[in-house]
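Report on the structure
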Amino acid sequence: MKRFALLVLLLLPISGIAGEPRRPMKIEDLFRFKRVADPQISPDGKWVVYTLGIVDLDANKITANLWLAPTEKGAVPRQLTTSPKSDRHPRWSPDGKSILFESSRSGGSQLWLIDPTGGEPKQLTNLSTEASLGIWSRDGKQIAFMSAVWPEFSLKTFSECDALNKKRIDEKKKNPVKAKVFTRLFFRHWDEYVEDKRQHLFVMSFDDGKVGEPTDVTPGDRDAYPTSSTFSVGDDFTFSPDGKGLYFTAVPQRNEAWSTNYDICRVSLLPSPAGRGVGAEGRTTKWETISTDNHAADGSPQFSPDGKWFVYRAQKRPGFEADRWDLMLLPTDNLLAKPRSLTAAFDVSAEDFVWMPDSERIYFSADDRGKHSYFETSIKDGAQPIRISYITNGTNASLSVSRDGKRMAFTRSAMNHPNEVFVADKDTNYDVFNVSQANTTLLKELDLPRPEMVSVIGAGGQRMQMWLLKPPSFDAKKKWPLVYLVHGGPQGAWEDGWSARWNPEAWAAQGYVIALPNPRGSTGFGQKYVDEISNDWGGKCYEDLMAGVDYLEKQPWIDKDRMAAAGASFGGYMMNWFAVNTGKFKTLITHCGVWNFDSMYASTEELWFDEWEHGGPPWGKNRHSYDKFSPHKFAANLAKYKTPMLIIHNDLDFRVPISQGIELFTSLQRQGVPSRFINFPDEGHWVLKPRNSEYWHREVFGWLRKHVAAGAR
């Protein structure tokens with residue numbers, strides 16, 4: 001097929017404002033950048049709505065509003081909503097006359113509606129348990145959304161159910177006893193307690209701006225929406241083309257703390273003659289399952305524009321959250337047939353995807369050798385996915401396509417450029433241009449170098465890709481200190497993208513060469529490369545990383561006596577593994593890292609992760625996996641290498657619980673190793689609150705300078 005495409009590079013001006021030289025990035029600049037996300041193109045392709053977040057350090061919050069930009073080059077975007085709270089998840093009505101969104105402007109999250117031409121938004125829902133993630137049916141006559149409710153009330157009428165939910169919420173607030181009682185696992189997740197509530201889907205009618213009474217169409221003691229973001233991409237539920245059914249990603253029916261058997265389920269939406277709301281009659285807790293034959297994860301259902309085809313994502317190996325995701329195809333008139341993979345011949349993991357208007361082609365994104373690109377596949381037998389050249393530069397996500405397919409919007413970032421909304425226009429040969437322009441002025445002030453990509457021979461002769469980011473005003477004739485950053489996951493990757501948390505440009509601006517290696521376990525280099533981290537955390541991955549260090553030590557501009565390393569989550573684990581295996585680094589910074597495999601298993605929430613990574617629970621047949629690479633087993637080596645360590649661990653981190661950081665700190669202090677422990681009682685696995693994040697950066701960079709002097713020599 002002939003393709004009309006241009007490869008567009010993110011080129012920034014060489015000079016600063018009014019010809020002044022650019023300056024290095026400061027910590028406070030990280031919070032000056034505006035945070036752009038979730039672009040949604042209008043059905044006619046003339047507009048794109050998106051969220052824009054602004055950090056208010058003084059108020060310690062991020063305010064997000066909706067913005068609207070014309071899809072024409074050079075046009076000026078305008079702010080659509082004005083709220084001191086948070087507006088998000090905009091979705092155009094099928095006729096393009098309204099935008100549905102969620103907002104906390106009235107207190108908790110509720111659904112709102114706004115006319116894109118302007119005016120005040122209108123509140124559509126008022127649930128005691130809040131409402132989020134609203135979507136439209138194809139005819140615009142129904143709206144579905146998610147709300148977390150107590151399941152024992154869910155078969156009652158909406159008014160009865162909501163009143164009982166509200167009563168329980170009020171009683172909990174008033175009760176001085178804050179005790180929690182648990183009778184099964186998965187009682188907490190990520191950074192909050194579940195409280196025995198279930199995420200249910202509701203449907204309500206919509207007629208000329210008026211909504212009917214919401215109906216819980218997925219009652220019962222099961223979540224109808226992914227409880228783990230690992231299994232969530234885009235909108236995880238959708239109406240059938242005729243509006244008579246709702247298809248969604250359901251959590252496992254049993255053993256959800258150690259099973260990844262997410263399923264595609266379906267419920268009927270029968271009109272209620274009694275006027276009790278859409279789907280109110282004949283509700284059942286027994287949902288029809290489409291993906292019964294697959295015991296691994298399934299999710300993200302979507303119908304083709306012509307309604308003839310049904311596509312969803314699926315993994316093959318039960319229990320493995322980082323298995324490759326394939327796009328699976330079924331005919332709509334036979335959803336219980338054997339599905340066919342559209343991506344089986346392509347060794348990438350499909351993430352978010354969009355049907356094209358011809359109902360034949362699908363665009364999907366995937367990690368791709370240190371970038372995040374879009375690919376095209378077809379429902380035709382034997383069709384090979386093709387990389388889309390105009391959506392490959394940097395990190396691209398959140399693709400949205402107009403009804404005729406001539407215009408598409410997506411976010412794009414690079415290591416030296418935060419997210420912006422870009423538009424590709426078929427009528428201009430798929431020229432790609434920035435329509436949000438949210439950070440253009442600030443970018444012109446800053447010296448943000450582009451990263452370089454190198455290849456290093458790692459364990460077993462396998463090549464490892466690594467990014468190198470040199471500091472502003474880098475002089476290759478001088479010696480520079482190194483910071484070696486190890487990513488989390490471990491099934492993740494350093495990509496040519498932007499982060500508001502671990503931002504390589506902010507680190508480089510301190511006066512360090514930053515290395516970002518993608519060792520065994522990294523995504524985007526084939527599934528075999530991903531698989532080779534499991535049951536081998538301290539093996540080939542460690543060899544890959546040490547090969548990267550050896551490569552850097554040979555560079556004439558690296559000061560071997562000034563090297564540090566840092567990482568979070570799995571990266572934090574690797575810092576702990578470095579601490580008991582090598583003395584190459586002058587200091588190590590470990591954020592929410594694993595120290596003790598045994599206590600990690602017994603206190604984390606998603607047990608499937610540890611059970612896959614170690615081949616079972618600690619008392620199982622693969623007991624040696626918990627001993628071989630657990631840093632705590634080699635704690636005596638902390639005194640051998642005496643590498644100063646900064647430890648950061650947070651009370652609300654339920655993924656890698658705080659006991660991991662405490663155990664490490666105790667071991668360091670008891671053996672007289674210089675160490676500092678920073679605890680955020682109000683943060684989880686990540687540090688997200690603006691003032692906490694600012695404090696985090698000042699502490700981390702201060703510790704770094706104390707042990708590894710910055711700048712050239």
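Everything below is about the structure shown above.
Attention in this report is confined to the structure presented alongside it.

Rules and cut-offs
- Residues numbered from 1 in each chain as written.
- Predicted model: local features only at pLDDT ≥ 70, side-chain atom pairs only at ≥ 80, totals over all residues.
- Heavy atoms only, no water.
- Helix = DSSP H or I, 4+ residues; strand = E, 2+ residues; numbered from the N terminus.
- Rg over C-alpha atoms; globule rule 2.2 N^0.38 Å.
- Buried < 20%, exposed > 50% of the residue type's maximum accessible area, 1.4 Å probe, protein only.
- Pairing = 2+ DSSP bridges.
- Axes fitted to C-alpha atoms, helices over the stretch in contact; angles between N-to-C directions.
- Expected span 1.5 Å × (residues − 1).
- Parallel < 35°, antiparallel > 145°, perpendicular 65-115°, else oblique.
- Contact = heavy atoms within 4.5 Å.
- Core = buried A, V, L, I, M, F, W, Y, C linked by side-chain atoms within 4.5 Å.
- Polar contact = N/O pair within 3.5 Å; in protein donor to acceptor, adjacent residues only side chain to side chain.
- Right-handed = clockwise from strand over helix to strand, strands pointing away.
- Salt bridge = Lys/Arg side-chain N within 4 Å of Asp/Glu carboxyl O.
- Phe/Tyr/Trp six-rings, centres within 6.5 Å; stacked < 30°, edge-to-face > 60°.
- Lys, Arg positive; Asp, Glu negative; His and termini not counted.

**With respect to the overall build of the protein chain**
A count of helical and extended segments in the protein chain gives 13 helices and 39 strands. In terms of overall dimensions, the protein chain is globule-like: its C-alpha atoms have a radius of gyration of 26 Å, near the 27 Å expected for 713 residues. On the principal axes, the C-alpha backbone points of the protein chain span a range of 80 × 60 × 55 Å. Scored against the burial criterion, the 713 residues of the protein chain give a buried share of 60%.

**Structural notes on the sheet that holds strand 39 (residues 675–680)**
Taken in spatial order, the 8 strands of this open sheet run 32-33-35-34-36-37-38-39, and their pairing is mixed. Of all strands in the sheet, those with a lone pairing partner are strand 32 (452–457) and strand 39, marking the two edges. For this sheet, the mean angle separating the axes of adjacent strands, direction not counted, is 20°. In the sheet, strand 34 (residues 480–486) pairs with strand 36 (residues 558–568) via 6 bridges, with the strands oriented parallel. Looking at strand 36, one finds that L482 is bridged to M563.

**Side note on helix 13 (residues 690–707)**
Look at helix 13: 26 Å from first C-alpha to last across 18 residues, which is about the 26 Å you get at 1.5 Å a residue. Where helix 13 is concerned, the buried positions are P690, N692, S693, E694, W696, H697, E699, V700, F701, W703 and L704.

**A few points about the pairing of strand 13 (residues 198–207)**
The element strand 13 is extensively covered by neighbouring structure, given that 8 of its 10 residues are classed as buried. Examined bridge by bridge, strand 10 (residues 142–149) and strand 13 share 8 bridges and lie antiparallel to one another. By the bridge assignment for strand 13, Q142 is matched with S205. Here 2 bridges tie strand 13 to strand 15 (residues 215–216), and the two strands are oriented antiparallel to one another.

**So, the packing of helix 6 (residues 540–553) against helix 7 (residues 570–579)**
Packed helix pairs are specified by the crossing angle of their axes together with the interaxial distance, meaning the distance between the axes. At a closest axis distance of 12 Å, the pairing of helix 6 and helix 7 adopts a crossing angle of 75°. The orientation of helix 6 with respect to helix 7, classified from their angle, is roughly perpendicular. Along its contact with helix 6, which presents C541, Y542, L545 and M546, the element helix 7 presents F570, M574, W577 and F578.

**Observations concerning the nonpolar core**
The biggest cluster of nonpolar side chains holds 60 residues, and the ones touching the most others in it are M466, Y484, Y573, M574, F578 and F585. Residues in contact with F585, not counting those within four places in the same chain, are Y484, M546, V549, M563, A564, A565, F578 and T643. Residues Y512, I648, I678 and L704 belong to the second largest nonpolar core, which totals 41 residues.

**Focus on the sheet that holds strand 23 (residues 340–341)**
Read across the sheet, 4 strands follow the order 20-21-22-23 without closing on themselves; strand pairing throughout is antiparallel. Of all the strands in the sheet, the pair left with one neighbour each is strand 20 (298–303) and strand 23. As paired elements, strand 21 (residues 309–314) and strand 22 (residues 326–331) share 6 bridges and run antiparallel to each other. Across the sheet, residue F310 finds its bridge partner in strand 22, namely L330.

**Quick notes on the side chain of H649**
Counting through the fold element by element, H649 comes out in strand 38 (residues 645–650). Residue H649 is classed as buried on the basis of its relative accessible area of 1%. A polar contact of 2.7 Å, which involves the side chain of H649, links it to the backbone oxygen of V656. Of note is the side chain of H649, whose polar atom sits 3.4 Å from the backbone nitrogen of G661.

**A closer look at the pairing of strand 39**
Where strand 38 and strand 39 come together, 6 bridges link them in parallel fashion. Following the sheet pairing, H649 is matched in strand 39 by N679. The handedness of the strand 38 to strand 39 crossover, carried by helix 12 (residues 659–670), is right-handed.

**Description of the environment of K477**
Structurally, K477 can be placed in the loop between strand 33 (463–469) and strand 34. Along the sequence, K477 and A712 sit 235 residues apart, while their C-alpha atoms lie 9.3 Å from each other.

**Things to note about the pattern of salt bridges**
In a structure, side chains of opposite charge can pair up when their charged atoms sit close to one another. This model, assessed by the stated rule, comprises 48 salt bridges. One salt bridge connects E28 with R698, and the closest N-O pair in it is separated by 3.6 Å. Placement of E28 in helix 1 (residues 27–30) and of R698 in helix 13 is noted, with a sequence separation of 670 residues between them. Between D38 and R91 there is a salt bridge; the shortest N-O distance is 3.2 Å. Taken together, the residues span a long stretch of sequence, with D38 in strand 1 (residues 35–41) and R91 in strand 5 (residues 87–92) at a distance of 53 residues. The exposure class of D38 is buried, given its relative accessible area of 19%.

**Comments concerning the packing of aromatic side chains**
Per the stated rule, a full pass over the model turns up 45 aromatic pairs. With a centroid separation of 6.5 Å and 15° between ring planes, the pair formed by F187 and Y193 is classed as stacked. Under the relative-accessibility criterion, Y193 is labelled partly exposed at 33%. With centroids separated by 4.3 Å and ring planes inclined at 25°, the aromatic side chains of F231 and Y262 adopt a geometry described as stacked. On the criterion of sequence distance, the pair formed by F231 in the loop between strand 15 and strand 16 (237–239) and Y262 in the loop between strand 17 (245–250) and strand 18 (263–268) is long-range, its members being 31 residues apart. Residue F231 is classed as buried on the basis of its relative accessible area of 1%.

**Observations regarding the environment of L664**
Along the chain, the position of L664 falls in helix 12. Along the backbone, L664 and M645 are 19 residues apart, and their C-alpha atoms lie at a distance of 9.7 Å. Beyond its immediate sequence surroundings of up to four residues, L664 is in contact with N576, T590, W595, L638, M645 and I647.

**Concerning the side chain of R283**
Residue position: R283 is located in the loop between strand 18 and strand 19 (288–289). Buried charge without a salt bridge: R283, with D216 as the nearest opposite-charge side chain at an N-O distance of 5.1 Å. Side-chain polar atoms of R283 contact the backbone oxygen of K156, separated by 3.0 Å. At 2.8 Å, the side chain of R283 and the backbone oxygen of D216 are in polar contact.

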